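One-letter residues, chain by chain:
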Amino acid sequence: MAVHKLILDDIFEDISCTLIALHCTIEDYRLAYLLNKNLSINLTRKAEDLDFNKGMSKYSIYEWEDKKQLVTWNLVSNICKTETVVEMDYQTLFNTQQKIIKTYHLIPEFRKVNYFLKIDSEFNGNKEKYFINNLLKISHIAMAYAIDVNRLKSKENLIFD
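Since this is a predicted model, take the numbers as computed values, not measurements.

(A) Broad picture of the pairing of strand β6 (residues 71–77). With seven of seven residues buried, β6 lies mostly within the body of the structure. Residues Val71, Trp73, Leu75 and Ser77 line one face of β6 and the alternating positions Thr72, Asn74 and Val76 line the opposite face, and both faces are buried. Bridging between strand β5 (residues 61–66) and β6 involves six bridges; their strand directions are antiparallel. Residue pairing across strands places Glu63 opposite Asn74, the latter belonging to β6. Where β6 meets strand β9 (residues 115–119), five bridges bridge the pair, whose relative direction is antiparallel. If you follow Asn74 over to β9, its bridge partner there is Lys118.

(B) Quick peek at the packing of aromatic side chains. Counting across every chain of the model gives three aromatic pairs. Considering the side-chain rings of Trp73 and Phe131, the 5.2 Å spacing of their centres and the 85° angle between planes classify their relative orientation as edge-to-face. Taken together, the positions of Trp73 in strand β6 and Phe131 in helix α2 (residues 125–136) put the pair 58 residues apart, joining distant regions of the chain. Neither residue differs from the other here; Trp73 and Phe131 are each classed as buried. Aromatic rings pair up to connect Trp64, Trp73, Tyr130 and Phe131 into one cluster.

(C) Inspection of helix α1 (residues 28–39) at higher detail. Given a rise of 1.5 Å per residue, 12 residues ought to cover 16 Å, and the 16 Å separating the end C-alpha atoms of α1 matches this to within 8%. Asp28, Leu31, Ala32, Leu34, Leu35, Asn36 and Leu39 are the residues of α1 that are buried.

(D) Looking closely at the sheet that holds β9. Taken together, six strands build an open sheet; the order of strands is β2-β5-β6-β9-β1-β10 and the sheet is antiparallel. The two strands at the open ends of the sheet, each matched to only one other strand, are β2 (44–45) and β10 (141–147). Strands β1 (18–24), β2, β5, β6, β9 and β10 of the sheet are contacted by α1, whose axis makes an angle of about 150° with β6. Along the sheet, α2 contacts β1, β6, β9 and β10; its crossing angle with β10, the most-contacted strand, is approximately 165°.

(E) Quick look at unusual backbone geometry. Look at Ser40: it is not a glycine, yet its phi comes out positive at around 55°. Of note, Ser40 is situated in the loop between α1 and β2.

(F) Region of interest: the packing of α1 against α2. Put simply, α1 and α2 touch, their axes get as near as 10 Å, and they point 125° apart. The orientation of α1 relative to α2 falls into the category oblique. Here α1 and α2 pass one another in a crossing that is right-handed. Where α1 approaches α2, its residues Leu35, Asn38 and Leu39 are matched on the opposing element by Phe131, Asn134 and Leu135. Its residues assigned to classes, the contact of α1 with α2 shows four nonpolar, two polar and no charged.

(G) Inspection of the side chain of Ser57 at higher detail. Relative to the assigned elements, Ser57 resides in strand β4 (residues 57–59). Owing to a relative accessible area of 1%, Ser57 belongs among the buried residues under this scheme. Those residues in contact with Ser57 that sit more than four places away from it in its chain are Leu50, Asp51, Phe52, Cys80 and Tyr104.

What counts and how
- Residues numbered from 1 in each chain as written.
- Predicted model: local features only at pLDDT ≥ 70, side-chain atom pairs only at ≥ 80, totals over all residues.
- Heavy atoms only, no water.
- Buried < 20%, exposed > 50% of the residue type's maximum accessible area, 1.4 Å probe, protein only.
- Helix = DSSP H or I, 4+ residues; strand = E, 2+ residues; numbered from the N terminus.
- Pairing = 2+ DSSP bridges.
- Phe/Tyr/Trp six-rings, centres within 6.5 Å; stacked < 30°, edge-to-face > 60°.
- Expected span 1.5 Å × (residues − 1).
- Contact = heavy atoms within 4.5 Å.
- Axes fitted to C-alpha atoms, helices over the stretch in contact; angles between N-to-C directions.
- Parallel < 35°, antiparallel > 145°, perpendicular 65-115°, else oblique.
- Left-handed = near helix turned anticlockwise from the far one by under 90°.
- Nonpolar A, V, L, I, M, F, W, Y, C, P; charged D, E, K, R; others polar.

Take a look at the structure:
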């Protein structure tokens, strides 16, 4: 009887997309509006947020499918803050509670990035620079730059489907 082996080294090795990091402090819906206006796209909020760690962290996500170019655009938050209340067990007269805020990151390698713009198509250098220059024209965006997806340790977090 023949033995068949399947070797799956790294399923996520060849993700073909353009990933742009965005540093800004505005809310996600305002950023989506500004991106729609300046890049002539139509991002809309998905019905459900990205859910990681069994509900411990949720990230807002906006999506637009360009049917003409066959390209999908995603704007996703990199930061999720959750608040939990912990009962403190001190031997005192009053029960004390303490609120603890935990911060989670979609891509932990880039903790200072607020949002990622993921475009499911690899653009040449000129078109990528064109998008980044248009992003930097938005006054609320402090910094925008491209990230090489293949160098990320947590690139499996960029698979949204």
